[in-house]
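Structure at a glance
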Amino acid sequence: MKLGVVGLPNVGKSTLFNAITHAGAEAANYPFCTIEPNVGVVAVPDERLEKLAALYDSKKITPAVVEFVDIAGLVKGASKGEGLGNKFLSHIREVDAIVHVVRCFEDENVTHVENTVDPVRDIGIINLELILADMETVQRRLDRAKNAAKNGDKKLLAEAEFYQKVLDHLSQEQCARTLACSEEETELLRDLFLLTAKPVIYAANISEKDMGKADADLPHVRAVEAFAAKEGSEVLVICAKTEEELSQLPADEAAMFLEELGLAESGLDRLIKKSYSLLGLISYLTAGEKETRAWTIVKGTKAPQAAGKIHTDFEKGFIRAEVVDWQTLLECGNYNAAKEKGKVRSEGKDYVIKDGDVVLFRFNV
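A brief structural summary.

Analysis parameters
Residues numbered from 1 in each chain as written. Predicted model: local features only at pLDDT ≥ 70, side-chain atom pairs only at ≥ 80, totals over all residues. Heavy atoms only, no water. Helix = DSSP H or I, 4+ residues; strand = E, 2+ residues; numbered from the N terminus. Buried < 20%, exposed > 50% of the residue type's maximum accessible area, 1.4 Å probe, protein only. Pairing = 2+ DSSP bridges. Patch = residues over 30% accessible without salt bridge, like charges linked within 9 Å, V, L, I, M, F, W, Y side chains within 5 Å. Areas by Shrake-Rupley, 256 points an atom, 1.4 Å probe, with all protein chains shown as cover. Salt bridge = Lys/Arg side-chain N within 4 Å of Asp/Glu carboxyl O.

The backbone of N10 shows a phi angle near 65°, a positive value even though the residue is not glycine. As for its position among the elements, N10 is in the loop between strand 1 (2-6) and helix 1 (13-21). Its relative accessible area of 14% is what places N10 among the buried residues. Phi angles above zero are rare outside glycine, and E173 is one such case at about 60°. As for its placement among the helices and strands, E173 is situated in the loop between helix 5 (154-171) and helix 6 (183-192). Look at E173 and you get exposed, because its relative accessible area is 54%.

Within strand 9 (residues 292-298), five of the seven residues are buried, leaving the element largely enclosed by the surrounding structure. With two bridges connecting them, strand 3 (residues 61-62) and strand 9 associate as parallel partners. Bridge pairing links T62 to R293 in strand 9. Alignment of strand 8 (residues 281-286) against strand 9, held across six bridges, turns out to be antiparallel. Following the sheet pairing, L285 is matched in strand 9 by A294. Remark: five residues form the turn of the hairpin made by strand 8 and strand 9, two consecutive strands paired antiparallel.

A few words on a nonpolar patch on the surface. A surface patch of nonpolar side chains, amounting to about 250 Å² of accessible area, comprises V39, V41 and V65. Examined against the element boundaries, V41 turns out to sit in strand 2 (residues 38-43). Given the relative accessible area of 53%, V41 is considered exposed.

This next bit is on the pattern of salt bridges. Inspection of every chain in the model, using the stated rule, returns 21 salt bridges. Across the salt bridge formed by E322 and R320, the nearest N and O atoms sit 3.3 Å from each other. As a salt-bridge pair, E347 and R345 come within 2.9 Å of each other at their nearest N and O atoms. The class of R345 is partly exposed, set by a relative accessible area of 31%. What emerges from the salt-bridge pattern is a single network uniting R320, E322, K339 and R362.

So, in structure tokens, the structure goes:
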């Protein structure tokens, strides 16, 4: 999973990136301090791995990972190359989802590129630049489809009609992800690889003094939530500064700090959970003496394809999957005990893997 962290300059984007990746991207009080996209790979927190590793006395634990890309701040005119626009638009194309950081705090010591704090306006600036870039993409595809459909091909005519529908939607300053599509149209939309079709999590960056307050008491956060609700996007309320401080503490001290703040989990944990949900991802597990590991798959993946995540030979020669829920396995004490109690199921090619399944694949090549 690859997430692109975007936002206007000086909204806390690089501070958040520093916190969640420990990568140390420069966070300075001026635009474009991030010239190249900084990339950080972080482990997905998963309590199941430690418990299963203890059960199997595994020599190695390999968690699932998320790749974060810190993309430099966009400004008005980015779609036309203003600021460092074109380069960064290309970086956004490469990610699975967008984490859009918006500033929801007042601080006279931190300049704002638009001079005032207005998160919905800021979202609009970024979205408009992405929409304008998408309109160019769709226009090119529409022109090609119209030329190809001159012979009266009904399929090509239908495609041209759909591209016009997308273009009309974008021209109303609406993101492609908000366009109502049939199943067939959804496939056509996906093939356009539009920037505004990507799923989004709006990270509402609040100040340290606002931590612990209800969202209802934070007008800027309420505004972001109302905007996100209209387009079906997610919102994560986070204090980037606090997350950065947490990231610099040892694990036990960080846990105590979170407890003092009245938080059950860090912003990183919440961000990854929202990202998984947004992209429809789950993790299945493999466990043994050599290694306990989490594998990320799309919800709805069948056993052979899940096996292919480990190795293509597993998918080609798939025979069956021996499956047990991770909690059931722990309760039974070991794999053999779970098998004796009939808790290990033998599943075939049509079995849909579930989150938390511990799987042993049988295959023959």
